[in-house]
Amino acid sequence: MVMQVDTLARPKQFLIGTFVIWATAIVTMYASASVEQSNGEPSLLLMISILTGAVAGLAYLVSLGNIASRLNKSPIVWVGLAIIFGPFGAIGTFMAMLSAVNSAQAVGGPPPKL
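Residues numbered from 1 in each chain as written. Predicted model: local features only at pLDDT ≥ 70, side-chain atom pairs only at ≥ 80, totals over all residues. Heavy atoms only, no water.

Topic: the overall build of the protein chain
Alright, step 1. Counting its secondary structure elements, the protein chain contains four helices and zero strands.
Alright, step 2. Within the protein chain, the proportion of its 114 residues that are buried is 31%.
Alright, step 3. Summarising the internal contacts of the protein chain: among those between residues at least 6 apart in sequence, 68% fall at separations of at least 24.
Alright, step 4. About 7500 Å² of surface is accessible on the protein chain, with carbon and sulfur atoms providing 73% of the total. (Helix = DSSP H or I, 4+ residues; strand = E, 2+ residues; numbered from the N terminus. Buried < 20%, exposed > 50% of the residue type's maximum accessible area, 1.4 Å probe, protein only. Contact = heavy atoms within 4.5 Å. Areas by Shrake-Rupley, 256 points an atom, 1.4 Å probe, with all protein chains shown as cover.)

Rendered as structure tokens:
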């Protein structure tokens, strides 16, 4: 019996993880910026959340492009949509790519490359 390796399982987990970290950093930035608005200097929490948001956002774009290429979709288009439309683009591309990965896993894997 030959075991079929799911080539989309690990990238899907990475996509979900980076998106959750990015969204958490955005919420933390907003919360700490609104609290620190009265004080003149930014807090350490705000600086850490900005750095975390930048790193997680970049990792999300890389994982989005990786999964898009595995599904034979254009990584430039997917990453471009996520960048052009800002946070709403990242949320939209996350939901659309997650749906594409789930349907590819249901059929048995990504389509073969031509």
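As for the side chain of Thr 93
Alright, step 1. Within the secondary structure, Thr 93 is located in helix 4 (residues 86-107).
Alright, step 2. Only 2.9 Å separates the side chain of Thr 93 from the side chain of Tyr 60, close enough to count as a polar contact.
Alright, step 3. Reaching out from Thr 93, the side chain makes a polar contact with the backbone oxygen of Gly 89 at a distance of 2.8 Å.
Alright, step 4. The residues touching Thr 93, leaving out its near neighbours within four places in the chain, are Tyr 60, Leu 64, Trp 78, Leu 81 and Ala 82. (Polar contact = N/O pair within 3.5 Å; in protein donor to acceptor, adjacent residues only side chain to side chain.)

Remarks on the packing of helix 3 (residues 75-84) against helix 4
Alright, step 1. Contact geometry of helix 3 with helix 4 gives a least axis separation of 5 Å together with a crossing angle of 145°. Along its contact with helix 3, which presents Trp 78, Leu 81, Ala 82, Ile 83 and Ile 84, the element helix 4 presents Gly 86, Gly 89, Ala 90, Thr 93, Ala 96 and Met 97.
Alright, step 2. Residue classes in the contact of helix 3 with helix 4 are distributed as eight nonpolar, three polar and no charged. (Axes fitted to C-alpha atoms, helices over the stretch in contact; angles between N-to-C directions. Nonpolar A, V, L, I, M, F, W, Y, C, P; charged D, E, K, R; others polar.)

Topic: unusual backbone geometry
Alright, step 1. Phi at Asn 72 is positive, roughly 60°, even though this residue is not glycine.
Alright, step 2. For Asn 72, a relative accessible area of 34% corresponds to the partly exposed category.

Here's the deal with the packing of aromatic side chains
Alright, step 1. Enumeration over the complete set of coordinates arrives at three aromatic pairs.
Alright, step 2. Between Phe 19 and Trp 22, the ring centres sit 5.8 Å apart and the planes meet at 40°, which makes this aromatic pair tilted. Taken as a pair, Phe 19 and Trp 22 lie in helix 1 (residues 9-35) at a separation of three residues, close to a single helical turn. Pair check on accessibility: Phe 19 and Trp 22 agree, each one buried.
Alright, step 3. The interplanar angle of 55° and the centroid separation of 5.7 Å between the aromatic rings of Phe 19 and Tyr 60 together place this pair among those described as tilted. Within this pair, whereas Phe 19 is found in helix 1, its partner Tyr 60 is found in helix 2 (residues 44-70), the two being separated by 41 residues in sequence.
Alright, step 4. Three or more aromatic residues joined by ring pairs form one cluster here, namely Phe 19, Trp 22, Tyr 60 and Phe 94. (Phe/Tyr/Trp six-rings, centres within 6.5 Å; stacked < 30°, edge-to-face > 60°.)

Focus on the nonpolar core
Alright, step 1. Membership of the largest hydrophobic core comes to 20 residues, with the highest contact counts inside it found for Leu 15, Tyr 60, Leu 64, Leu 71 and Met 97.
Alright, step 2. Secondary-structure elements contributing two or more residues to this core are helix 1, helix 2, helix 3 and helix 4.
Alright, step 3. In terms of residue count, helix 4 provides more of this core than any other element does, seven residues in total. (Core = buried A, V, L, I, M, F, W, Y, C linked by side-chain atoms within 4.5 Å.)

Describing the packing of helix 2 against helix 4
Alright, step 1. At a closest axis distance of 11 Å, the pairing of helix 2 and helix 4 adopts a crossing angle of 35°. The element helix 2 and its partner helix 4 pack so that their crossing is left-handed. When helix 2 is examined against helix 4, the residues Tyr 60, Leu 64, Ile 67 and Ala 68 are found in contact with a partner set consisting of Ala 90, Thr 93, Phe 94, Met 97 and Val 101.
Alright, step 2. Among the residues forming the contact of helix 2 with helix 4, the class breakdown is eight nonpolar, one polar and no charged. (Left-handed = near helix turned anticlockwise from the far one by under 90°.)

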